[in-house]
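# Results of the structural survey
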Amino acid sequence: MTFCGIDLSSPILNASGTFDAIAAQLAFGERLQENFPFAAFVSKTVTLAPREGNPPPRLWELPAGMINSIGLPNKGLTRYLEEDLPRLAQLPVPLFVNVMGFSRDELVELVGAFGERSEVAAVELNVSCPNVETGLVMGADPWEVSKLLDRVRPLTEKPLIVKLTPSASDVAAVAIAAQSAGASALSLINTIRGMALDPRSGRPWLGAVTGGVSGPAVRAVALAQVHAVRTAVEIPIIGMGGVANGRDALNLMLAGADLVAVGTESFRDPAAGARIARELAEARADPASLAGSGEGSRKVRGFTPSGC
Ligand code: RRO
């Protein structure tokens, strides 16, 4: 299959920041090269300046997912280009680089730098991280997204993917603004801001107080948002949010996604991407095989829980 002119062996990618390909390369060497779990690799977010990230603790486990407040720790553009890009270029799949700026000028520098590198197949603009000190999310506002694309679209012919936030009051309006201003594709959803309390002290658990909720808890939100965006725009969509098996991936595709990214599930099982790609292929070949399995299955079998 192809996505924005890029050949892919399956529709399954990783969600940015949920799979450390450089650590996996060191740990698994040749085995990773031969069995890379994704059809393309999406990098963790790169910012212009180096960042330490948020104070610990940075993670909280939920009954159906987790909250992260990682806070974009990264080595910054210059060291990323020198140290990480050559390593990621060795991966057996296309590389999508995810970038975030604290201003349009910063994003201009980032897109300008990655846009001319032959190692990079596509650039993902992260306008949706919930874990920044300002609390401002550029992607919540159609005008901001349009202004940003006006600046960065002329800088590269590579596909530009805009990663949308589920916190926008009208995600379809943001999607339309992105498409009109030249976005090649959209990805959604990023995490949803949430909070956990330390059961001993009753005070916020996370060092940054709030973080981003991901995993099965957000799956139904992702489905609704992908559906809303699909009805509004024609450009390709990368759907993500709580995908843990082939059925979840297929559901996002039925709602309008062209590709599907796996995030939180890869923390539980780093090989999950390969399994989900296999399960998705089986499910697409025989959709009837899924009836009666998984979420909502009691209704599918004709049994309505009391009170419904
Ligand atoms: O690094 C993070 O804290 C982070 C990012 Br950049 C993002 O886009 N989404 C998220 O949940 N965490």
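Report follows, based on the coordinates. (Residues numbered from 1 in each chain as written. Predicted model: local features only at pLDDT ≥ 70, side-chain atom pairs only at ≥ 80, totals over all residues. Heavy atoms only, no water.)

## Regarding the site of the ligand
This is how the line gets drawn: The criterion for a residue being near a molecule or strand is simple. One of its heavy atoms has to lie within 4 Å of it. Within 3.5 Å is the distance limit for a polar contact, defined as a pair of N or O atoms, with the added protein rule that one can donate a hydrogen and the other accept it, and that residues adjacent in sequence qualify only through two side-chain atoms. We get accessible surface area from the Shrake-Rupley algorithm with a probe of 1.4 Å; when it comes to residues, only the shown protein chains can shield them. Just so you know the grouping, Ala, Val, Leu, Ile, Met, Phe, Trp, Tyr, Cys and Pro go in nonpolar, Asp, Glu, Lys and Arg go in charged, and all remaining residues, Gly too, go in polar.
Near the ligand the following residues occur: Lys 44, Thr 45, Asn 68, Ile 70, Gly 71, Leu 72, Asn 126, Cys 129, Pro 130, Asn 131, Asn 190 and Thr 191. Between an oxygen atom of the ligand and a side-chain N or O atom of Asn 68, the distance comes to 2.8 Å. Within the contact set of the ligand, an oxygen atom lies 2.7 Å away from a backbone nitrogen or oxygen of Gly 71. Protein coverage of the free-state accessible area of the ligand, which is 310 Å², stands at 92%. Among the residues forming the shell around the ligand, the class breakdown is 4 nonpolar, 7 polar and 1 charged.

## Looking at the nonpolar core
The cut-off we apply is this: By nonpolar core is meant a set of buried Ala, Val, Leu, Ile, Met, Phe, Trp, Tyr and Cys residues that side-chain atoms within 4.5 Å join together. Throughout this description, buried means an accessible area under 20% of the type-specific maximum (1.4 Å probe, protein chains only), exposed means over 50%, and partly exposed covers the range between. Numbered from the N terminus, helices here are DSSP runs of H or I no shorter than four residues, and strands are runs of E no shorter than two. The contact criterion used is simple: two residues touch if any of their non-hydrogen atoms lie within 4.5 Å.
Membership of the largest hydrophobic core comes to 74 residues, with the highest contact counts inside it found for Phe 114, Leu 125, Leu 149 and Val 162. Element by element, the count of residues in this core is highest for helix 4 (residues 104–115), at 6 residues. Ignoring any residue separated from it by four or fewer positions in sequence, one finds Leu 149 in contact with Leu 125, Pro 154, Leu 160, Val 162, Ala 178, Ala 181 and Ala 183. Leu 13, Ala 39, Ala 122 and Met 240 belong to the second largest nonpolar core, which has 17 residues in total.

## Quick notes on empty space enclosed by the protein
Condition: Using a grid of 1 Å spacing that covers the protein atoms alone, one calls a set of points a cavity when a 1.4 Å probe fits there but cannot get out, and a pocket when the set is open and has protein on both sides within 12 Å along at least five of seven lines; lining residues are those with an atom within 4 Å of a point. Grid points are joined across faces, edges and corners, and a volume is the space filled by probe spheres set on the points.
For the structure shown, the criterion picks out 1 cavity of 30 Å³ or more. Size it by volume and the largest cavity reaches roughly 30 Å³. Lining the largest cavity are Leu 13, Asn 14, Ala 15, Ser 16, Val 42, Glu 124, Ser 187, Ile 238, Met 240 and Ala 261. Where the lining of the largest cavity is concerned, the elements lending two or more residues are strand 3 (12–14) and strand 13 (237–240). Of the residues that constitute the lining of the largest cavity, the class distribution is 6 nonpolar, 3 polar and 1 charged.

## Some words on helix 3 (residues 76–88)
This is how it is decided: Each residue after the first adds 1.5 Å to the expected span of a helix. Bend at a residue means the angle formed by two fitted axes: the first through the 7 residues ending at that position, the second through the 7 residues beginning there.
The terminal C-alpha atoms of helix 3, which comprises 13 residues, lie only 16 Å apart, well short of the 18 Å expected from a rise of 1.5 Å per residue. Where helix 3 bends most, at Glu 82, the angle is about 40°, and the proline Pro 86 comes one to four residues later. Those residues of helix 3 not exposed but buried are Gly 76, Leu 77, Tyr 80, Leu 81, Asp 84, Leu 85 and Leu 88. In this structure, the buried side of helix 3 is in contact with helix 1 (21–28), strand 4 (41–42), strand 7 (95–99) and helix 4.

## A short note on the packing of helix 3 against helix 4
Our working definition: Lines fitted to C-alpha atoms define the axes, with helix axes restricted to the stretch in contact, and inter-axis angles between N-to-C directions lie between 0 and 180 degrees. In what follows, roughly perpendicular refers to angles from 65 to 115 degrees, roughly parallel to angles under 35, roughly antiparallel to angles over 145, and oblique to any angle outside these ranges. Two helices that cross are described as forming a left-handed crossing if the nearer one is turned anticlockwise from the farther one by less than a right angle, and a right-handed crossing if clockwise.
Running from amino to carboxyl end, helix 3 crosses helix 4 at an angle of 10°, the nearest separation of the two axes being 11 Å. On the basis of the axis angle, helix 3 is roughly parallel to helix 4. Of the two possible hands of crossing, helix 3 and helix 4 adopt the one that is right-handed. Residues Leu 77, Tyr 80 and Leu 81 of helix 3 lie in contact with helix 4, whose contacting residues are Glu 109, Leu 110, Ala 113 and Phe 114. Across the contact of helix 3 with helix 4, the residue classes break down as 6 nonpolar, no polar and 1 charged.

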